[in-house]
Amino acid sequence: VSQSRYQMAWDGTIYGAIESPNGLVFRSTASGDRVGNIKSEILDFSISRDASFVAVITKDRFVRLHRIPSGDLAAEIGKITSNDDEIVVSPNGQVAATFGADKWVTIWDLSQPKVLSRSEEFNPKKEKPSLDSKFFSWGEIRPHVVCAVFSSDNSLLATSNNQGGVKIWDVLFMEAVS
């Protein structure tokens, strides 16, 4: 299943697919009938584990949350200032990671629009980070990030680059652990 074009909800009842020119369309898995959509140019999307919302990266470089299946806008999380073009939501639905050709991984707090950090050496003292901002980014992953997945307990994020390199990140302390 390619997350950039198609993703099924964890419970298997609906799936989302980018269908030009209709935007992101939600369909019933059982019947294939359309149950909702987002009429916007979507670069990528990730359905929350409970299938209550979808996080999207839009062509105008915003991270937004939409309700499923209606597609109604629930929140505008923030504008991407990098070349991130892929997104994945954590299992608990509290954060999302964006990544792509710019070699950075950015974590977005989905509970409220605020930045967590954007520094390669974000947390040298290993203190729990402040939640005074909207996102935080980790150091470069060369040559560029092609995949990211959260651990089931939301504490780690595994990333890989287009040459097969893998890096594990501690989400709580926002630092590489491998």
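See the structure printed just above.
The following refers to the structure shown. (Residues numbered from 1 in each chain as written. Predicted model: local features only at pLDDT ≥ 70, side-chain atom pairs only at ≥ 80, totals over all residues. Heavy atoms only, no water.)

This brings us to the overall build of the chain. Each helix and strand counted, the chain has 0 helices and 16 strands in total. Per-residue burial over the chain gives 49% buried out of 178 residues. Here the contacts in the chain between residues at least 6 apart in sequence split such that 35% fall between residues at least 24 apart. Of the roughly 8600 Å² that the chain leaves accessible, carbon and sulfur atoms contribute 51%. (Helix = DSSP H or I, 4+ residues; strand = E, 2+ residues; numbered from the N terminus. Buried < 20%, exposed > 50% of the residue type's maximum accessible area, 1.4 Å probe, protein only. Contact = heavy atoms within 4.5 Å. Areas by Shrake-Rupley, 256 points an atom, 1.4 Å probe, with all protein chains shown as cover.)

Attention now goes to the pairing of strand β15 (residues 166-170). Bridge count between strand β14 (residues 156-161) and β15: 5 bridges; the pairing is antiparallel. Note on β15: the bridge partner recorded for threonine 159 is lysine 167. Counting the residues that bridge the hairpin from β14 to β15 gives 4 residues, and of these glycine 164 lies at a positive phi of roughly 90 degrees. Sheet topology note: the β15/strand β16 (residues 175-176) ladder contains 2 bridges and is antiparallel. Looking across to β16, one finds that aspartate 170 is bridged to glutamate 175. (Pairing = 2+ DSSP bridges.)

Turning to the side chain of histidine 66, a few remarks are in order. Checked against the element boundaries, histidine 66 lands in strand β7 (residues 62-67). Of the residues examined, histidine 66 reaches a relative accessible area of 7% and is grouped as buried. There is a polar contact of 2.9 Å between the side chain of histidine 66 and the backbone oxygen of glycine 71. Setting aside residues no more than four positions away along its own chain, histidine 66 makes contact with Ile38, Ser52, Phe53, Val54, Val56, Gly71, Asp72, Leu73 and Ala74. (Polar contact = N/O pair within 3.5 Å; in protein donor to acceptor, adjacent residues only side chain to side chain.)

So, about the pairing of β7. As a general feature of sheets, a regular strand has side chains that alternate between the two faces. Burial of β7 is extensive: 5 of the 6 residues sit out of reach of the surface. By the bridge criterion, 5 bridges tie strand β6 (residues 53-58) to β7 in an arrangement that is antiparallel. Note on β7: the bridge partner recorded for alanine 55 is leucine 65. Here β6 hands over to β7 after 3 residues, with arginine 61 in that stretch at a positive phi of 70 degrees. As paired strands, β7 and strand β8 (residues 73-79) are joined by 5 bridges and run antiparallel to one another. Looking at β8, one finds that arginine 64 is bridged to glutamate 76.

Going through the model one piece at a time under the given rule, you end up with 1 aromatic pair. Ring centres of tyrosine 6 and tyrosine 15 lie 5.0 Å apart, and the angle between their planes is 40 degrees; on these two criteria the pair is classed as tilted. Owing to a relative accessible area of 17%, tyrosine 15 belongs among the buried residues under this scheme. The side chain of arginine 49 reaches across the aromatic face of tryptophan 10, ending 3.8 Å from its centre. (Phe/Tyr/Trp six-rings, centres within 6.5 Å; stacked < 30°, edge-to-face > 60°. Lys NZ or Arg CZ within 6 Å of the ring centre and 35° of its normal.)

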